[in-house]
Amino acid sequence: MSASAKPRVAVFKFASCDGCQLQIIDAEEALLDLAGAIDIVNFAEASSHMEPGPYDVTLVEGSVSAPEQLEQIKEIREQSAILISIGACATSGGIQALRNVKDVNEFIRSVYAHPEYVKTLETSTPIADHVKVDLELTGCPIDRGQLLDAVATLLAGGVPKISTSTVCVECKLRGTVCVMVAKGEPCLGPVTRTGCGALCPTWGRGCYGCFGPSQPPNTEALGRRFVELGLSKQRASDTFRFITGWAPAFREAADAVGDGKSEKEVASS
Amino acid sequence: MTHRSVEVPVIARVEGEGALHIKVEDEKITDLRLEIYEPPRFFEAFLVGRHYSEVPDVVARICGICPVAYQMSAAHGLERLFDVQLPPGTRELRRILYCGEYIESHVLHIFLLAAPDFLGYDDAIQLAADKPDIVKMALEMKRIGNDIMATIGGREIHPVSARVGGFSKAPRPKDLQAFLPRLEWALAQMPAIADLVGSIPKPPFDRPAEMVSMVHPDEYPLNEGGLASTEGKSFDSTTFEEVTKELHVEHSNALHSLMVGTDTPYFVGPLARVNLNVDRLTPVARECLPRTGLSLPEPDPFFSMAARVVETAVAIEEAIRLISAYEPPEPSMAEVTPKAGRAMWVTEAPRGILYHRYDVNEDGTIREAKIVPPTAQNFEHMEADLRQFLPGVLDRPDEELTRLCEMVVRNYDPCISCATHFLRLEIER
């Protein structure tokens, strides 16, 4: 490949399901058309051709959950002019952050054939806990349109604007029947930021928080409502402690509705 | 003494993170490790205590490429335990959804992940520069698979409508029928794709292998059926843990699988399915089979790409048949009353059989979970392939040798993200 003035883009993966990278692969045609085209110079899932940094834009999928990743994310940051963390794992620790309120080492010691083989951190944490992140795109998976808009805007020197409005507001705008009112089904729509197009309520079920907390979320009232709907405190707490459950607003909500204590605190008291 | 080593620090064009280390001394392999450093995510541990209704949404997150497979194995298993009477049409709609995932996953692998190897390119972008029509066609076919998933599931990655008990909402017939012309177009491409894949030279590799897949008396197996192996074994999903066992090896964050009794590796996936279900192939798939160069029985994993082509035709034809007769399930969801017990189920993920077991408490919460993904079952076989394959190609220059080794691994379309997320962590009681 010839050297060119095209922006050099890299994609890296941490602990994740690959779904957000797949959104990039699915957007490949559009990405190539973007801003007179970019050079994807390091994207292991898609290509054997891997160039070292520096990179103009780096997309990072996944959470930090293994010891070697602590160093790796710092190196990637040093090589990147703009670093965008993409998806629920990279922005909130992901579903694997459910282990953050349990004692992982206890699990490993008690049952694993060879616990000494397993190298893992006790927690799964978002990229921004470890290095400066220039932009966070939430979602499980991310929205392809948001990604393309954000990259195009950044390359044009602008600052991407990501909506922090709620799924609930989007439902109202679309005229979608409220699943919590009509069916009594718990829904995180009132406290979850939009990005999915209010997908779950449109498909007849409650939102489970893929895009993370909106700003500011009134989680306290919603937690009370879940219990009024007949959920046990545990299940009401679990509803917040899910795909983006380690995002601070949802973490606090889960603790508050479950008697104000995290499982870790309960276990150690 | 001559030393040589092959180091592939990052295996490209696979899902997830793996590395390959090979040491050769005096033309003998002294060390060979397929290292899986993808960090574990402990799904089986954090499913414990969660409500059964959340399981399909949790397990989808194991894999962005085959979320439907995880949702299906979980939903079917729990429904059998709970004696759920699924509304008529649910089975067919699930099969259409699964066909969408097969089209998306197989086309991704054939054209974007594997074909660049066989044709000598780094990736599909390079391939597109030389052969834009092929890549354009492949992207459109993949999009059809994606769009079917999105029409039924709300979105193609981590669909939201598939639940224990059916679907939160079923698509309207006209929304699915809109796919018929696109599917007919895709089907018309298949013979030429079969010819293309059949014309690609592949390295000679001859070895006996035991393959395992589901079998079904009436249809190409996806959601349900028994299990069979090319060594004549026949068993039910409920005995899966008695017939196979898992091994924890030091260099891998994924467990390896073996057959109980013989302690031998086996492999699962498209080639296993085609070998064991040749009588259930659909008409165009049957026509494509010889054109891909595949002549059965065939245990050579280098024919996996050919098997994926044949199965893409199966998925397209099945989608056409089922969509043409589609009537939405009414209601879309059955009533579900949980009860205590053990749920077990196997479905055929695009990469092979996917086993789920859930021990459920009376209140519907999960007491223990076990998931055995196809790629973990294949790791031991991948290493065995490399040991067998390498001696024949040690005369090749490093760069070519490395590429060949990666191809051996890529034959399996390994989904390392899936496999690693199952380091099993059970709580002792």
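About the thresholds
Chains are numbered independently. Their residues run from 1 in the order of the written sequence. In the order they appear in the text, chains get letters beginning with A and ligands get numbers beginning with 1. Whole-chain, interface and lining totals are the exception, using all residues; otherwise, since this is a predicted model, local features are given only for residues with pLDDT of at least 70 and side-chain atom pairs are given and counted only at 80 or more. Strands are runs of DSSP state E lasting at least two residues, helices are runs of H or I lasting at least four, and both sets are numbered from the N terminus onward. Three exposure classes are used. Buried residues have 20 or more other C-beta atoms within 10 Å of their own C-beta, exposed residues have 12 or fewer, and partly exposed residues fall in between, all C-beta atoms being placed from the backbone. Throughout, a pair of residues is in contact if the C-beta atoms placed from their backbones lie within 7 Å. Any two strands between which DSSP finds at least two bridges are classified as paired. Under this scheme, a helix contributes an axis fitted over its contacting stretch, all axes are lines through C-alpha atoms, and angles between N-to-C directions fall in the 0 to 180 degree range. For classification purposes, angles smaller than 35 degrees are called roughly parallel, those larger than 145 roughly antiparallel, those between 65 and 115 roughly perpendicular, and all remaining angles oblique. Each crossing gets its hand from how the near helix is turned against the far one by less than a right angle, where anticlockwise is left-handed and clockwise is right-handed. Every residue carries a pLDDT, the predictor's confidence in it, which falls somewhere between 0 and 100. Each nonpolar core reported here comprises buried Ala, Val, Leu, Ile, Met, Phe, Trp, Tyr and Cys residues connected via C-beta atoms within 7 Å. Each domain's extent is set by a domain assignment, obtained either automatically or from a database. Amino acids are sorted into nonpolar (Ala, Val, Leu, Ile, Met, Phe, Trp, Tyr, Cys and Pro), charged (Asp, Glu, Lys and Arg) and polar (every other residue, Gly among them). Here is how to tell: hold the view so the strands point away, follow the path from the first strand over the helix to the second, and if it runs clockwise the crossover is right-handed.

Looking only at helices and strands, chain A has 13 helices and five strands in total. For chain A, the residues scored as buried account for 54% of the 269 residues in total. For chain A, contacts bridging at least 24 residues in sequence account for 72% of all contacts bridging at least 6.

Secondary structure summary: chain B contains 15 helices and 14 strands in total. Summarising its shape, the C-alpha atoms of chain B cover approximately 70 × 55 × 35 Å along the three principal directions. Relative to its full complement of 429 residues, chain B shows a buried share of 56%.

Sheet strands associate in pairs through backbone hydrogen bonding, adopting either a parallel or an antiparallel arrangement. Residues and elements named next belong to chain B. The three strands lie next to each other as E12-E13-E14, forming an open sheet whose pairing is antiparallel. The two strands at the open ends of the sheet, each matched to only one other strand, are strand E12 (341–349) and strand E14 (366–372). For this sheet, the mean angle separating the axes of adjacent strands, direction not counted, is 15°. Pairing of strand E13 (residues 352–360) with E14, which is carried by six bridges, proceeds in the antiparallel orientation. Looking at the pairing, Val360 lines up with Ile366 of E14.

Residue and element names in this part refer to chain B. At a minimum axis separation of 9 Å, helix H4 (residues 90–119) and helix H12 (residues 304–324) run at an interaxial angle of 150°. The angle between H4 and H12 falls in the class roughly antiparallel. Crossing geometry of H4 relative to H12 is assigned as left-handed. Here Glu92, Arg95, Ile96, Cys99, Tyr102, Ile103, His106, Val107, His109, Ile110 and Ala114 of H4 lie close against H12, whose contacting residues are Met305, Arg308, Val309, Glu311, Thr312, Ala315, Ile316, Glu318, Ala319, Leu322 and Ile323.

The share of residues in chain B with pLDDT of 70 or more is 94%, and the mean pLDDT across the chain is 90. Reported confidences for the modelled complex are a pTM of 0.93 and an ipTM of 0.91.

For the rest of this paragraph, the subject is the pairing of strand E3 (residues 28–36) of chain B. Residues and elements named next belong to chain B. Bridging between strand E2 (residues 18–25) and E3 involves eight bridges; their strand directions are antiparallel. Looking at E3, one finds that Gly18 is bridged to Ile36. Taken together, E2 and the strand that follows it, E3, pair antiparallel across an intervening segment of two residues, in which Asp26 is found at a positive phi of about 45°.

Core analysis: the largest hydrophobic core is formed by 202 residues, its most contacted members being Leu78 and Val310 of chain B. Sorting elements by how many residues they give to this core places H4 of chain B first, with 15 residues. In terms of domain composition, this core takes at least three residues from each of domain 1 (8–155) and domain 2 (167–268) of chain A. For Leu78 of chain B, the contacting residues outside a window of four places in its chain are Tyr52, Val55, Val164, Ala343 and Tyr358 of chain B.

We now examine the confidence of the model for chain A. Per-chain confidence: chain A averages 87 in pLDDT, with 87% of residues scoring 70 or above. The secondary-structure element of chain A with the lowest mean pLDDT is helix H13 (residues 263–268) of chain A, recorded at 46, while helix H4 (residues 87–92) of chain A shows the highest, at 98.

Attention shifts here to the environment of Ser237 of chain A. Tracing the chain through its elements places Ser237 of chain A in helix H11 (residues 233–240). Separated by 14 residues in the primary sequence, Ser237 of chain A and Arg251 of chain A place their C-alpha atoms 9.0 Å from one another.

With that settled, the discussion passes to the domain arrangement of chain A. Residues and elements named next belong to chain A. In terms of domain boundaries, chain A breaks down into domain 1 (8–155) and domain 2 (167–268). At the interface, 15 residues of domain 1 touch 15 residues of domain 2. In terms of residue count, the dominant contributor to the side of domain 1 that touches domain 2 is H4 (three residues).

Once that is clear, we can look at the sheet that holds strand E8 (residues 234–235) of chain B. All names here are of chain B. Across the sheet, which stays open at both edges, the four strands sit in the order E8-E7-E6-E11 with mixed pairing between neighbours. Each edge of the sheet is formed by a strand with only one pairing partner; in this case those strands are E8 and strand E11 (267–268). Relative to strand E7 (residues 226–229), strand E6 (residues 211–215) is paired through four bridges, and the arrangement is antiparallel. Residue pairing in the sheet places Val215 in a bridge with Gly226 of E7.

Our focus in this paragraph is the packing of helix H6 (residues 132–153) of chain B against helix H8 (residues 180–199) of chain B. All names here are of chain B. H8 packs onto H6 with a crossing angle of 135° between their chain directions and a minimal axis gap of 10 Å. As far as their axial angle goes, H8 and H6 are oblique. In this structure, the crossing between H6 and H8 has a hand that is left-handed. Of the residues in H8, those touching H6 at Met137, Met141 and Ile144 are Arg182, Leu183, Ala186 and Gln189. Residue composition of the contact of H6 with H8, by class: five nonpolar, one polar and one charged.

We now examine the pairing of strand E4 (residues 80–86) of chain A. All names here are of chain A. With five of seven residues buried, E4 is to be regarded as a mostly interior element. Both strand E3 (residues 55–61) and E4 contribute to a ladder of six bridges, which runs parallel. The residue of E4 that forms the bridge with Glu61 is Ile86. Of the crossover connections in this fold, the one passing from E3 over helix H3 (residues 67–79) to the parallel E4 is right-handed. Both E4 and strand E5 (residues 135–137) contribute to a ladder of three bridges, which runs parallel. What sits directly across from Ile86, in E5, is Leu137.

What follows deals with unusual backbone geometry. Phi is mostly negative for residues that are not glycine, and the peptide bonds are mostly trans. With an omega dihedral of 0°, the bond running from Gly53 of chain A to Pro54 of chain A counts as a cis peptide bond. Looking at where Pro54 of chain A falls in the secondary structure, it is placed in the loop between strand E2 (39–43) and E3. Of the consecutive residues Gln215 of chain A and Pro216 of chain A, the connecting peptide bond is found in the cis state with omega at -15°. Here Pro216 of chain A is to be found in the loop between helix H9 (199–202) and helix H10 (219–228). Look at Asp18 of chain A: it is not a glycine, yet its phi comes out positive at around 80°. Here Asp263 of chain B, not a glycine, exhibits a phi torsion of approximately 55°, which is positive. Among the residues examined, Asp263 of chain B registers 10 C-beta atoms within 10 Å and is labelled exposed.

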